[in-house]
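Chain and residue survey
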Amino acid sequence: MVLLSKAEPLLELVTRVCREDRVDNNTVYAQNYDLILNRLAEGMSLKGYSFGEMGDPPNRVFVFSQCMGDLNNKECSMCFNEIKDILSGCFPSSGGRIFYNGCFIRAENYNFFNHTVEPDDLRRCSDGLDLREEYTEIGRKQIGNLVRVTMENNGFGAVYKKAGEVSFFAVAMCWRTLNSSLCEECIQNAADSCVACLPAAEGRVLNSGCTVRYADYDFGNKPDVRRAKEILLTYATYVLVGLAVSVFVVMVGVYAGKAAYKRKIRRLKKLAKGRRLDIVASKKGSKFLEFNHSTLEKATEGFNDAHKLGEGGFGEVFKGTLADGREIAIKRLFATGKSQAEEICNEIDIISSAQHKNLVRFLGCCFTDSNSFLVYEFLVNKSLDQFIFDSERSKELDWKKRLQIIIGSAEGLEYLHKGCQMRIIHRDIKASNILLDSKWKPKIADFGLARFSSSATSYVPGVTIAGTFGYLAPEYLAQGRLTEKVDVYSFGVLVLEIVSGVRNNKLRSHDTFETLVAHVWKHYQSNTVSEIIEKSLAEEDFEEVERVVQVGLLCTQEVPSLRPNMAMVIQMLKQNDSELPTPTKPPFIDENLELSSSFDSCRWQPSCISDLCSPIERDSNI
């Protein structure tokens, strides 16, 4: 008897990581990427992996892709054709990585083909635990065996062990650009990181040069079972060919197949149309409109580039002016797949259920066969990051305005967490997602990654990790635990950025890399907070500024339970006479000093991680 595995969908997205750095010429960079893809397609179908480079610096692009070792050629080509389009959504970022269950692709503006471990590699440990001692013991032994099996099998290995009620399955694979010694180095590092996940029931490590995954069930694609099926099918075909009636059977089968295919196509088209109608129908009786496409075209003069406010992963933002003179911001999204369509529906669901003075106001939507449009109020001062990180424009924000922005953002978050009928976790609080009106009042924007969360649960299960590196809370990044304290952590980082005028991911010194949070913590410990405050605020109320810095450190404490909720944060910010608790250390305070070192150190490179990254990252109004 053959035991079939619980094989998982090959095209299921594991994670999507996009760099925050931008290329000099996005058009040239994207063209170079497309040229490489044409070369890679043949290699993927024949060998299961391929790599190449194209262009001249600084717009030279390096691309690598590989399928899991248990996929056949057809499955590999199918996976590659899907994943390559997802990666292109990262541009104009300088690169990114996409992991599906069945394949992987990466693009960068530097040669990474022989890299084994890098600072922004990922480790995912499941929330579910298997506390049986046998599971942990078997897991340690099998992961150790996996390293040997992988090296003996040309860079791809799988192990399976069942002892009584305990089952353990693990797979490892090196990228084919690594030689034997580099492969072993990478797999050993990933294996050690996986062992650290135990007793978690599942663990996955995604290194620069390899991947290792384990679970308490068999998630493989079972190539032996597939080959056995193919042999049986071939034998059956020979028997049928020998029968005189086979021609008739084949003709009937072809006719029936065509009829079924046509019915399926009609059904899919009907479902797709129904989905659009469901979206429109869902807004009936709501406080927003369905705009005509012609209205939006006229408002933007045919979506003229002169009206473009920004662009990113899966769309663009335009400023428009309606016939009555009202100014609006239009987010045009290119929904080419199921995940993108779900992203759009999610944003509509979230923003239409939340109305607050510190949330960007959603006005309506429009759907065509090729695009989806979300319409928002236009905010004249655009996004906060365009001011606090610009040495000249930052002078427009005195301490009074900055404190107003901090408190307003806190009130918007507190409303999402406690004021809605269903708690909402934003997941991507950062300066570029805080928009400013003409009076410098802040409004939280971009709800594409936000999630509903029942107040009865301590975390949201089954959610793909998403957000921006440097703003992700440690418990969310390492274990996927999503609570409102994840937003609190991001808000704390935002507060420190507003006070210092420094991006969290941009603090470097010689051969070291240090987050802003760690940097501020050290100055707090040595009573030198004044040294991290932006120069233009030097003559402001220092005691109040220092107090706000302390609030930021309270929000970025390593232990989630020690972080205040947003209601407490607002109270701390408004009541200057109340005594503040002493903050404990933030995460990664010891591990983030060296750029090289081991995988387990979590040191952020400017990146974005997301199942679908926020469509507008910079110069955006939505």
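Predicted model only: the values in this text are computed from it and were never measured.

Turning our attention to the overall build of the protein chain. Within the protein chain, the regular secondary structure consists of 15 helices and 24 strands. By the burial criterion, 55% of the 622 residues in the protein chain qualify as buried. Restricting the contact set of the protein chain to residue pairs at least 6 apart, pairs at least 24 apart contribute 70%. Accessible surface, the protein chain as shown: approximately 28500 Å² in total, 52% of it carbon and sulfur.

A word on the side chain of Ser208. By the element assignment, Ser208 lies in the loop between strand S9 (203-206) and strand S10 (210-215). By relative accessible area, Ser208 is classed as buried at 3%. A distance of 2.8 Å separates polar atoms of two side chains, one belonging to Ser208 and the other to Arg106. The contacts of Ser208, once residues within four sequence positions are left out, are Arg97, Arg106, His115, Thr116, Val117, Glu118, Asp121 and Trp175.

Turning our attention to the state of the cysteines. Under the defined criterion, the tally for this structure stands at six disulfides. The disulfide that involves Cys18 links it to Cys90, with 2.0 Å between the sulfurs. Taking the torsion about the sulfur-sulfur bond, which here is approximately -65 degrees, the covalent link between Cys18 and Cys90 counts as left-handed. Here Cys90 lies in the loop between helix H2 (73-88) and strand S4 (96-100) and Cys18 lies in strand S1 (residues 13-19), a separation of 72 residues in the sequence. Side by side, Cys18 and Cys90 carry an identical accessibility label, which is buried. A disulfide bridge connects Cys79 with Cys103, and the sulfur atoms are separated by 2.0 Å. In this structure the cystine formed by Cys79 and Cys103 twists about its S-S bond by roughly -85 degrees; its chirality is therefore left-handed.

As a further point, take the pattern of salt bridges. Overall, the coordinates contain 27 salt bridges when judged by the stated rule. The closest approach of N and O atoms between Glu108 and Arg19, which form a salt bridge, is 3.4 Å. Residue Glu108 is found in strand S5 (residues 103-108), and its partner Arg19 is found in strand S1; the two are separated by 89 residues along the sequence. When its relative accessible area of 2% is taken as the criterion, Glu108 is described as buried. The salt bridge partner of Glu118 is Arg97, with a shortest N-O separation of 3.5 Å. Of this pair, Glu118 sits in the loop between S5 and strand S6 (122-125) while Arg97 sits in strand S4, and the two are 21 residues apart along the sequence. Note on Glu118: relative accessible area 11%, which makes it buried. In this structure Arg97 comes out as buried when scored by relative accessible area, which is 5%. Among the charged side chains, a network of salt bridges with common partners joins Arg19, Arg97, Arg106, Glu108, Glu118 and Asp121.

This part covers the nonpolar core. Ranked by size, the top nonpolar core spans 130 residues in total, and within it Ile105, Leu384, Phe447 and Phe491 carry the most contacts. Considering each element in turn, this core owes the most residues, 10 residues, to helix H12 (residues 484-500). Beyond its immediate chain neighbours, meaning those up to four positions away, Leu384 contacts Leu397, Ile405, Ala431, Ile434, Leu436, Leu494 and Ile498. Leu146, Ala172, Cys183 and Val205 belong to the second-largest nonpolar core, a separate cluster that totals 27 residues.

Another aspect to go through is the sheet that holds S6. With antiparallel pairing, five strands are arranged side by side in an open sheet as S6-S9-S10-S8-S7. Across the chains shown, the open sheet's two edge strands, defined by having one partner strand only, are S6 and strand S7 (156-163). Pairs of neighbouring strands in the sheet enclose a mean axial angle of 5 degrees, with direction left out of account. Examined bridge by bridge, S6 and S9 share four bridges and lie antiparallel to one another. Following the sheet pairing, Leu122 is matched in S9 by Leu206. Its contacts with the sheet put helix H3 (residues 133-152) on S7, strand S8 (166-174) and S10, and the angle it makes with S7 is roughly 155 degrees. The sheet strands contacting helix H4 (residues 180-195) are S6, S8, S9 and S10, and the helix crosses S10 at an angle near 35 degrees.

In helix packing, the relevant descriptors are the interaxial angle and the interaxial distance, both defined with respect to the helix axes. Direction vectors running N to C along helix H10 (residues 399-419) and H12 enclose 175 degrees, while the axes themselves pass 11 Å from each other. Judged by the inter-axis angle, H10 sits roughly antiparallel to H12. Where H10 abuts H12, its residues Trp399, Arg402, Ile405, Ile406, Ser409, Ala410, Leu413, His417 and Lys418 lie against Glu484, Asp487, Phe491, Val495, Ile498 and Val499. Taken together, the residues of the contact of H10 with H12 sort by class into nine nonpolar, two polar and four charged.

Turning to the confidence of the model for the protein chain, a few remarks are in order. When the pLDDT values of the protein chain are averaged, the result is 79; 76% of them are 70 or greater. Highest mean pLDDT in the protein chain belongs to H12 (96); lowest belongs to strand S24 (residues 607-609) (35). Low pLDDT, under 50, characterises residues 1-7; the stretch is placed with 13 contacts to residues that sit more than four places away or in other chains. Predicted confidence is poor over residues 268-287, with pLDDT under 50, and the contacts of this stretch with residues over four places away or in other chains come to 15 contacts.

About the cut-offs
Residues numbered from 1 in each chain as written. Predicted model: local features only at pLDDT ≥ 70, side-chain atom pairs only at ≥ 80, totals over all residues. Heavy atoms only, no water. Helix = DSSP H or I, 4+ residues; strand = E, 2+ residues; numbered from the N terminus. Buried < 20%, exposed > 50% of the residue type's maximum accessible area, 1.4 Å probe, protein only. Contact = heavy atoms within 4.5 Å. Areas by Shrake-Rupley, 256 points an atom, 1.4 Å probe, with all protein chains shown as cover. Polar contact = N/O pair within 3.5 Å; in protein donor to acceptor, adjacent residues only side chain to side chain. Disulfide = S-S within 2.5 Å. Salt bridge = Lys/Arg side-chain N within 4 Å of Asp/Glu carboxyl O. Core = buried A, V, L, I, M, F, W, Y, C linked by side-chain atoms within 4.5 Å. Pairing = 2+ DSSP bridges. Axes fitted to C-alpha atoms, helices over the stretch in contact; angles between N-to-C directions. Parallel < 35°, antiparallel > 145°, perpendicular 65-115°, else oblique. Nonpolar A, V, L, I, M, F, W, Y, C, P; charged D, E, K, R; others polar. pLDDT = per-residue confidence, 0-100.

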